[in-house]
Amino acid sequence: NNIAIQDRFELDELERLCADLSGRQQDLCWREMSHAYLFKTEFDAQKMFDACGRIPAPTHIQSDCVLHGLQAFASQKRDALQSLVDACLLKTAVPNFTAHCYKMLMHGILYTEDVLDSASIKICEQSPDKFKVVCYGGIGSALMRLEIPPDERQGYCAHVPESYRALCREGATFPSSAIAP
């Protein structure tokens, strides 16, 4: 991850490093390439998605690269709400991408924050109706990963529109110690 961000590396060098690995290490390397793709494309989500789609790896690894990159994109672009909403409408080879996208955006936004702020709610408000359930549920699952007491995580769901509050609270219920890193 840190290596990928450093400008002194060219993408082809990093891609050769990943290609030389095997098994789980190679899979994780390709996943982390999303950071390098974002950095080198100046955080252009479509270019990152396209680059992940070209890696010489199975489709599920390409999808991991896209979805992991989406989280990084969200954490960097959290103040550019429209670009985040638009990213979920971009074309990728990831099955059921749009539904996954809203959930990953919530994880990316809340990864660096200890509190629910209006950005995540605004994204869900702007999402198409058919994805609002996934989006607001994604807030809950993202809250679940925060190292705060479960009742406090559920309390943040009070800011979610009432019709989606139960979904948020359900996702925020599990103790953070029960979550795999």
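Residues take numbers from 1 onward in each chain, read along the sequence in its written order. Per-residue local features are limited, in this predicted model, to residues with pLDDT of at least 70; the limit for side-chain atom pairs, both in listing and counting, is 80 or more; totals at the level of whole chains, interfaces and linings are taken over all residues. Think of the side-chain values as coming from all heavy atoms in the structure, minus any hydrogens and water.

Enquirer: Would you mind showing me how to read the confidence of the model for the chain here?
Expert: Detailed reading of the predicted coordinates is not advisable wherever pLDDT falls low. The predicted model of the chain has a mean per-residue pLDDT of 83, with 86% of residues at 70 or higher. Here pLDDT means the predictor's own confidence in every residue, given as a number from 0 to 100. Residues are treated as being in contact if the distance between any of their heavy atoms lies within 4.5 Å. Here residues 1-5 is modelled with pLDDT under 50, and outside its nearest four sequence neighbours on either side it reaches ten contacts, counting other chains as well. In the model, residues 175-181 has pLDDT below 50 throughout and makes eleven contacts with residues more than four positions away in sequence or in other chains.

Enquirer: Help me out: how do you make sense of the packing of helix H3 (residues 23-40) against helix H5 (residues 59-76) in this one?
Expert: To characterise two packed helices, one gives the angle between the axes of the helices and the distance between these axes. Here an angle of 0 to 180 degrees is reported between the N-to-C directions of two axes, which are lines fitted to C-alpha atoms, with helices fitted over the stretch in contact. In this text, helices come from DSSP runs of H or I with a minimum length of four residues, and strands from runs of E with a minimum of two, each type numbered from the N-terminal end. Following both chains from N to C, one finds H3 and H5 inclined at 40°, their axes separated by 8 Å at the closest point. The pairing of H3 with H5 is recorded here as oblique in orientation. The way H3 lies across H5 gives a crossing that is right-handed. In this structure, H3 uses Asp 27, Trp 30, Arg 31, Glu 32, Ser 34, His 35, Tyr 37 and Leu 38 to contact H5, whose residues at the interface are Ile 61, Asp 64, Cys 65, His 68, Gly 69, Ala 72 and Phe 73. Looking at the contact of H3 with H5 residue by residue, the classes come out as seven nonpolar, four polar and four charged. What sets the label is the angle itself: under 35 degrees gives roughly parallel, over 145 gives roughly antiparallel, 65 to 115 gives roughly perpendicular, and the rest give oblique. Handedness of each helix crossing follows the sense of rotation of the near helix against the far helix: counterclockwise by less than a right angle gives left-handed, clockwise gives right-handed. Basically, the charged four are Asp, Glu, Lys and Arg, the nonpolar ten are Ala, Val, Leu, Ile, Met, Phe, Trp, Tyr, Cys and Pro, and anything else, Gly included, counts as polar.

Enquirer: I'm lost on the state of the cysteines in this one. Help?
Expert: Any covalent bond linking the sulfur atoms of two cysteines counts as a disulfide. Here, a disulfide means two cysteine sulfur atoms that sit within 2.5 Å of each other. Applying the stated criterion to the full structure yields five disulfides. Disulfide pairing places Cys 52 opposite Cys 65 at an S-S distance of 2.0 Å. Every disulfide takes its handedness from the sign of the S-S torsion; for Cys 52 and Cys 65 that torsion is -55°, giving left-handed. Here Cys 52 is found in helix H4 (residues 45-54), whereas its partner Cys 65 is found in helix H5, with 13 residues between them in sequence.

Enquirer: Sorry if this is basic, but what is going on with the packing of H4 against H5 here?
Expert: The contact between H4 and H5 brings their axes to 8 Å, and the two run at 155°. With respect to their mutual orientation, H4 and H5 come out roughly antiparallel. As for the relative orientation of H4 and H5, their crossing is right-handed in sense. Here Ala 45, Met 48, Phe 49, Cys 52 and Gly 53 of H4 lie close against H5, whose contacting residues are Gln 62, Cys 65, Val 66, Gly 69, Leu 70 and Phe 73. The class makeup of the residues in the contact of H4 with H5 is eight nonpolar, three polar and no charged.

Enquirer: What is the right way to look at the packing of aromatic side chains in this model?
Expert: The relative placement of two aromatic rings is captured by the distance of their centres and the angle of their planes. The aromatic pairing rule takes the rings of Phe, Tyr and Trp, using the six-membered ring of Trp, and pairs them if the centres are within 6.5 Å, calling planes under 30 degrees apart stacked, those over 60 edge-to-face and the rest tilted. Scanning the entire structure with this criterion turns up three aromatic pairs. Taking the centre distance of 5.3 Å and the plane angle of 75° together, the rings of Phe 49 and Phe 97 count as edge-to-face. Of the two residues, Phe 49 sits in helix H4 while Phe 97 sits in helix H7 (residues 97-111), which places them 48 residues apart along the sequence. You'll find Phe 49 and Phe 97 in the same group, each marked buried. In this scheme, a residue with accessible area under 20% of its type's maximum is buried, one over 50% is exposed, and one in between is partly exposed, where area comes from a 1.4 Å probe on protein chains only.

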